[in-house]
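So the chains spell out like this:
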Amino acid sequence: MIVKHDRFFAVSARDGSMRAPADLGDGVWFADTRILSEFRVLIGGAEPVPVDVHLDDGQASFELTAGDLRVTRIRYMDGGLREKITIANPGPGTMEEDVELVFAADFAAMLAIRGNVPVLPPPVPAPAMDTPDGLLITRHDWPGQSAMVIVRPAGFKRRTRLGPGKELTLFVDVIPGAIGATVTDFDDGLVRTKDAYTRWRTASASIRTDNPEVNELLERSLTDLRMLCDRYPTGLYPTGGLPWYAVPFGRDQLIASMMMLPANPEIARGVLRYLAARQGRRNDPGTEEQPGKILHEVRTGEVVDRGLWPHHLFGTIDATPLFLCALAETVDWTGDESLLDELWTNAEAAIEWCASYGDVDEDGYIEYRGGRARNQGWKDSDDSLTHVDGTVPPPPSALCEVQAYLYRGLLGMSRKRPELKDRAEALRRRFDSDFWMTDQEFVAQALDGSKRRVEAITSNPGHCLWSGILPPERAASVADRLVSPELFNGWGIRTLSTRAINYDPTSYHNGSVWPFDTAFGAAGLRRSGFNPQAETVARSLLEAGLAVQLRRLPELWCGDDRVPGRPPVDYPNTCSPQSWSAASAYMLMTTLLGLQADAARGVLHIAPLETPLWTRIEVSGLHFAGHRLDFAVEGTKVKVGKLPSGISVERG
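What you see is a predicted model, and the numbers here were worked out from it, not measured in a lab.

A.B. asks: What is the right way to read the nonpolar core from this model?
C.D. replies: Among soluble globular proteins, nonpolar side chains are generally buried collectively. Membership of the largest hydrophobic core comes to 142 residues, with the highest contact counts inside it found for Leu254, Leu275, Phe323, Met413, Phe435 and Phe631. Counting residues in each nonpolar core, the second largest holds 39 residues, with Ala10, Val99, Ala105 and Val174 among its members.

Here it is, written out as structure tokens:
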């Protein structure tokens, strides 16, 4: 179970216990560093047995039993871990037991645990020392790493005698730092945490259907987005996913922010400003930074301090054109031309990067030669790009979806530079000639360094449908292929065709299903006019969310065919929650409602599709053109609330 607030988060078993390294992600984390690796409650020398667990507005509540005793653990994050442990005796007799709290800290680096930095030695528990303030755990071989564990009433082991109806309450605080640390009132902190979620819901659109399960999925997704957000001077910025990607990413958050625009555009503003402030300004082969380039990820902690990993890594090929897409989409939805003016210098730098550094062989396409990651699109595993015979394409590689992002980004930026329309149209014509596989009637995954098509049948062309780069006569066959059994498994669109020699349903990128990827495909199908296919794909993904634990869309699942009565097959060690998966639920609603924004004209288009998932849907507080709009849908009929002056709605 995971709880998070800003850069602190905790990962535990369903009983609330933490026991790393057996469960690698367990512990209390501050960004990339684990400040507590073990936290267990022992009653009578044994751990309580879990009964139930609840997640609600940034807190986790664990219900357990220890013989005839009842144990409740309430946990949230506020500058560290805050926990209240209540041990109650509900029975008629007196109970007497030893109560012990066990702690350890190894200060492990996330990238070391994941195997990205194997040169670091395996983490081991650091020495602990009792102090008047609490248990101080300090790693002496690396400066600045310490944690204080404060228990109130003081004491890590006690003999406890509880009469009928009596209880013992312990407060535990785990914070980074050393002697002199202070903690605030537990209940006051819990109220502040809950208030943050109340403000978030008020600021976000409410989408309610007559299907309670769908509502639970949407509520979970919205809550997860808030939990994943960190606050910076530039605004909110969601981390990638927990537990493995609890840091800012470029590509992921640009996509998630676009998906959430109708629900809450503040994410997009925060993401765009954060990335603009850290846009590449120089050439640095070590970090892969280049002038105008948008970063891939931001890391902190020991691996950065030792020089084993960059603080800012720019090793991605798609974040820069996606920055252009997200900026254009944000203005389309909000009408905030001042944001475009504010970030226009950054947009021009991104456009220039796409034309110069991004186009390494001057053929008009954005491509990469590789760096820390061999492959630098969203499918960034080493084996995600191969020819159909399994051979590795020579670099530089030009991915189809990256050209699609560039096309859409150029069109979006043409509002200030009209000549970019001609550049986008030239790209579209060249793309159709170079990427279209006539015999397969499908889009190649990429062009390799010799301009040979990588003819793998993948999910990537769904992104091309979303961008609008494909001419109508091509889009129909792409749509048919995306929903064919070789790609569509009943829960979503597989990353790779089942006919490929390297297809593996348990592969990270060669056969699995990613919710965000499928949501892009559904949106692309709808944009291209293939409404039945769009409804099928969007509904299947929502049904997957209804079938998984907590109604929380994970990072991905395995590509096995859907079997009636069974949920999607879990992918091991997937991130859950994950920001662009959570945001995907809202992109699916946008797709099924047929929402299209033109804030410059003050026109919102609504064209709902009928779906078996619901009959009626009510939308309150949708963000559009600086206003909040309300409307209801019954089947395909739209009833709009009172509209602000200058705003109109087009139906159907």
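Having seen the model, we can carry on.
A.B. asks: What am I meant to see in helix 14 (residues 515–527) here?
C.D. replies: For an α-helix the count is 3.6 residues per turn, leaving residues at separations of three or four pointing the same way. For helix 14, which comprises 13 residues, the first-to-last C-alpha distance of 18 Å matches the rise-based estimate of 18 Å (1.5 Å per residue) to within 8%. Among the 13 residues in helix 14, 12 count as buried, and that is most of the element. If you check which residues of helix 14 are buried, you get Pro515, Phe516, Asp517, Thr518, Ala519, Phe520, Gly521, Ala522, Ala523, Gly524, Leu525 and Arg526. Directly after helix 14, the chain includes Gly529, whose backbone phi takes a positive value near 95°.

A.B. asks: Just to check I follow, could you spell out the side chain of Ser459 for this structure?
C.D. replies: Within the secondary structure, Ser459 is located in the loop between strand 26 (453–454) and helix 12 (461–467). Ser459 sits in the buried class, given a relative accessible area of 3%.

A.B. asks: It is not clear to me how unusual backbone geometry should be interpreted in this structure. Could you clarify?
C.D. replies: Glycine aside, a negative phi is what most residues show, and trans is what most peptide bonds show. Look at the link from Arg152 to Pro153: it is a cis peptide, with omega at -10°. Looking at the secondary structure, you find Pro153 in the loop between strand 14 (146–152) and strand 15 (157–162). For the bond from Ser576 to Pro577, the omega torsion is 10°, close enough to zero to count as cis. Mapping Pro577 onto the fold places it in the loop between helix 15 (531–547) and helix 16 (579–593). In this structure, Glu441 takes a positive phi of about 50° despite not being glycine. The phi torsion at Leu550 lies on the positive side, around 65°, for a residue other than glycine. Topologically, Leu550 is positioned in the loop between helix 15 and helix 16.

A.B. asks: Looking at this structure, I do not really get the environment of Leu42. What am I missing?
C.D. replies: Here Leu42 shows up in strand 6 (residues 38–43). What makes Leu42 buried here is its relative accessible area of 11%. Taking the C-alpha atoms as reference points, Leu42 and Leu101, separated by 59 residues in sequence, lie 6.4 Å from one another. Other than its neighbours up to four places away in sequence, Leu42 contacts Glu47, Asp98, Val99, Glu100 and Val102.

A.B. asks: Even after reading the chapter, I still don't get the sheet that holds strand 25 (residues 446–447), so can you show me in this structure?
C.D. replies: Adjacent strands of a sheet pair through backbone hydrogen bonds, lying either parallel or antiparallel. Pairing in this open sheet of three strands is antiparallel, and the strands run 22-25-26 from one edge to the other. Two strands close off the open sheet at either side, each with one partner strand: strand 22 (398–399) and strand 26. Where strand 22 meets strand 25, two bridges bridge the pair, whose relative direction is antiparallel. The residue of strand 25 that forms the bridge with Leu399 is Ala446.

A.B. asks: What's the story with the pairing of strand 1 (residues 2–5) in this structure? I'm lost.
C.D. replies: The side chains of a regular strand alternate between the sheet's two faces. For strand 1 and strand 2 (residues 8–11), the ladder comprises four bridges, and the chain directions are antiparallel. The partner of Val3 across the bridge, within strand 2, is Ala10. Here strand 1 folds back onto strand 2 in antiparallel fashion, the turn holding two residues, of which Asp6 has a positive phi close to 50°.

Here is what the cut-offs are and how they apply
- Per chain, residues are indexed from 1 in the order of the written sequence.
- Given that this is a predicted model, residues contribute local features only at a pLDDT of at least 70 and side-chain atom pairs are listed and counted only at 80 or more, while totals for whole chains, interfaces and linings are drawn from all residues.
- Excluding hydrogens and water, the side-chain figures rest on all heavy atoms present in the structure.
- The criterion is simple. A nonpolar core is a set of buried Ala, Val, Leu, Ile, Met, Phe, Trp, Tyr and Cys residues joined through side-chain atoms within 4.5 Å.
- Accessibility here uses a 1.4 Å probe with only protein chains present; expressed as a share of the type maximum, an area under 20% marks a residue as buried, one over 50% as exposed, and anything in between as partly exposed.
- Secondary structure counts use DSSP, requiring at least four H or I residues in a row for a helix and at least two E residues in a row for a strand, with both numbered from the N terminus.
- Multiplying one less than the number of residues by 1.5 Å gives the expected span of a helix.
- Only heavy atoms enter the contact rule, under which two residues are in contact if any of them lie within 4.5 Å.
- For two strands to count as paired, DSSP must find a minimum of two bridges between them.

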